[in-house]
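# Chains, contacts and geometry: an overview
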Amino acid sequence: MKKEFSFYEFTGVVVPGATLLLSLALTLHPLQDFLTNDKFGAGQLGLFLIASYIVGHLVQGVGNQLEKALWAFRGMPSTWIRRDKPPYLSDGQTKRLRNVMTQLLGHDVPPLKDLDLRACGGLVGQLYAKLEKEGRTARIEVFNGNYGLFRGIASALLVAVAVTAFKHGIWTSSSAIMIAVFVLALMRMHRFGVHYASELYKQALNLADQPKPMIAS
């Protein structure tokens, strides 16, 4: 059976898995020998991709916990609409958002400040489904894919640093480089998480602003 990787599988699973394997090659000599072998060819590349896919799924478990830690105090960006001034919406957009969500979702949406996290998450999921039905999620998916990419890379590097520290100690040049890249990946993860929420709500506002067709008299 032929397997074709989707955009999200590649960015959120295969690349993080490959990142971890390549990082571990700095520490684990058998893996290093496999990747630097003169006879490395299509067969070995296939095995590497399969291993990256499997390891990438395991890295997702670390990513879930890393995600919870990153947003533990402020909440996911999509829930920031419960604030007076979400950083990605203007005052006018924030005031209109509740009415727009009521219009698009087809039921009354409570005042956004009164939503708890679970209710807000449910509305976000419903709003995304509506936008997907209307063909409005292309840009949202780009931000989501990049968010998953950097979440996976950060998670892979976190595991690699832990393995390297266990084997050689934390104060090594390899660990220092991986920690620096981990911090950068975490910053990019944060940025794309905010972009995702921003695009989600702005697409909803734009959809509600669509002009109604003129009816000839």
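Refer to the structure presented above.
Residues numbered from 1 in each chain as written. Predicted model: local features only at pLDDT ≥ 70, side-chain atom pairs only at ≥ 80, totals over all residues. Heavy atoms only, no water.

A side chain of one charge can pair with a side chain of the opposite charge when the charged atoms of the two come close. All chains considered together, the criterion is met by four salt bridges. As a salt-bridge pair, Glu199 and Arg139 come within 3.1 Å of each other at their nearest N and O atoms. Pair noted here: Glu199 is in helix α7 (residues 173-208) and Arg139 is in helix α6 (residues 138-168), with a separation of 60 residues, a long-range link. (Salt bridge = Lys/Arg side-chain N within 4 Å of Asp/Glu carboxyl O. Helix = DSSP H or I, 4+ residues; strand = E, 2+ residues; numbered from the N terminus.)

This part takes up the environment of Leu97. Inspection of the secondary structure assignment puts Leu97 in helix α4 (residues 91-105). Between the alpha carbons of Leu97 and Leu158 there is a distance of 38 Å; along the sequence they are 61 residues apart. Once residues within four sequence positions are removed from consideration, Leu97 is found in contact with Ile81, Leu89, Leu112, Tyr201 and Leu205. (Contact = heavy atoms within 4.5 Å.)

Okay, helix α3 (residues 42-70) next. Along its 29 residues, α3 runs 39 Å from first to last C-alpha, staying within 8% of the 42 Å computed at 1.5 Å per residue. A bend of about 25° at Gly61 is the largest found in α3. Inspection of α3 places Phe48, Ser52, Val55, Gly56, Val59, Gln60, Gly63, Leu66 and Glu67 among the buried residues, and these make up the whole buried set. (Expected span 1.5 Å × (residues − 1). Bend = angle between axes of the 7 residues up to and from the residue. Buried < 20%, exposed > 50% of the residue type's maximum accessible area, 1.4 Å probe, protein only.)

On the surface, Ile170, Trp171, Ile179, Val183, Leu184 and Met187 cluster together into a nonpolar patch covering about 660 Å² of accessible area. Looking at where Val183 falls in the secondary structure, it is placed in helix α7. For Val183, a relative accessible area of 41% corresponds to the partly exposed category. (Patch = residues over 30% accessible without salt bridge, like charges linked within 9 Å, V, L, I, M, F, W, Y side chains within 5 Å. Areas by Shrake-Rupley, 256 points an atom, 1.4 Å probe, with all protein chains shown as cover.)

Turning to the packing of helix α1 (residues 7-24) against α3, a few remarks are in order. Packing of α1 against α3 leaves a shortest axis separation of 7 Å and a crossing angle of 100°. Looking at the two axes, α1 sits roughly perpendicular to α3. Contacts between α1 and α3 involve Tyr8, Glu9, Gly12, Val13, Val14, Pro16, Gly17, Ala18, Leu20, Leu21 and Leu22 from the former and Phe48, Leu49, Ala51, Ser52, Tyr53, Val55, Gly56, His57, Val59 and Gln60 from the latter. Split by residue class, the contact of α1 with α3 holds 14 nonpolar, six polar and one charged. (Axes fitted to C-alpha atoms, helices over the stretch in contact; angles between N-to-C directions. Parallel < 35°, antiparallel > 145°, perpendicular 65-115°, else oblique. Nonpolar A, V, L, I, M, F, W, Y, C, P; charged D, E, K, R; others polar.)

As a further point, take helix α5 (residues 117-133). The periodicity of an α-helix, 3.6 residues per turn, causes residues three or four places apart in sequence to face the same way. Helix length check: α5, at 17 residues, gives a terminal C-alpha distance of 24 Å against a target of 24 Å (1.5 Å per residue), a fit within 8%. Burial in α5 covers these residues: Cys120, Leu123, Val124, Leu127, Tyr128 and Leu131. Here the buried residues of α5 occupy an arc of 140° about the axis, which is enough to place them on one side. Summarising the geometry of α5, the exposed residues directed more than 90 degrees from the buried face are Arg118 and Lys133. Looking at the packing, one finds that the buried side of α5 touches α4, α6 and α7. By the N-cap criterion, in which a side-chain oxygen at the helix start approaches the backbone nitrogen of a residue two or three places on, α5 is capped by Asp116, the distance to Arg118 being 3.3 Å. Among the residues trailing α5, Gly135 stands out with phi positive, at a value near 70°. (Arc of directions from axis to C-beta. Polar contact = N/O pair within 3.5 Å; in protein donor to acceptor, adjacent residues only side chain to side chain.)

Evaluation of the coordinates by the stated rule reveals five aromatic pairs. Ring geometry for Tyr88 versus Tyr201: centroids 6.1 Å apart, planes at 15°, classification stacked. With Tyr88 in the loop between α3 and α4 and Tyr201 in helix α7, this pair connects stretches of sequence that are 113 residues apart. The buried category is assigned to Tyr88, whose relative accessible area is 8%. An angle of 35° between the planes, with centres 6.3 Å apart, marks the rings of Phe143 and Phe192 as tilted. With a gap of 49 residues between them, Phe143 in helix α6 and Phe192 in helix α7 connect regions that are remote in the sequence. Residue class for Phe143 comes out buried when judged on its relative accessible area of 15%. Above the ring of Trp80, the side-chain terminus of Arg83 is found at 4.5 Å from the ring centroid. (Phe/Tyr/Trp six-rings, centres within 6.5 Å; stacked < 30°, edge-to-face > 60°. Lys NZ or Arg CZ within 6 Å of the ring centre and 35° of its normal.)

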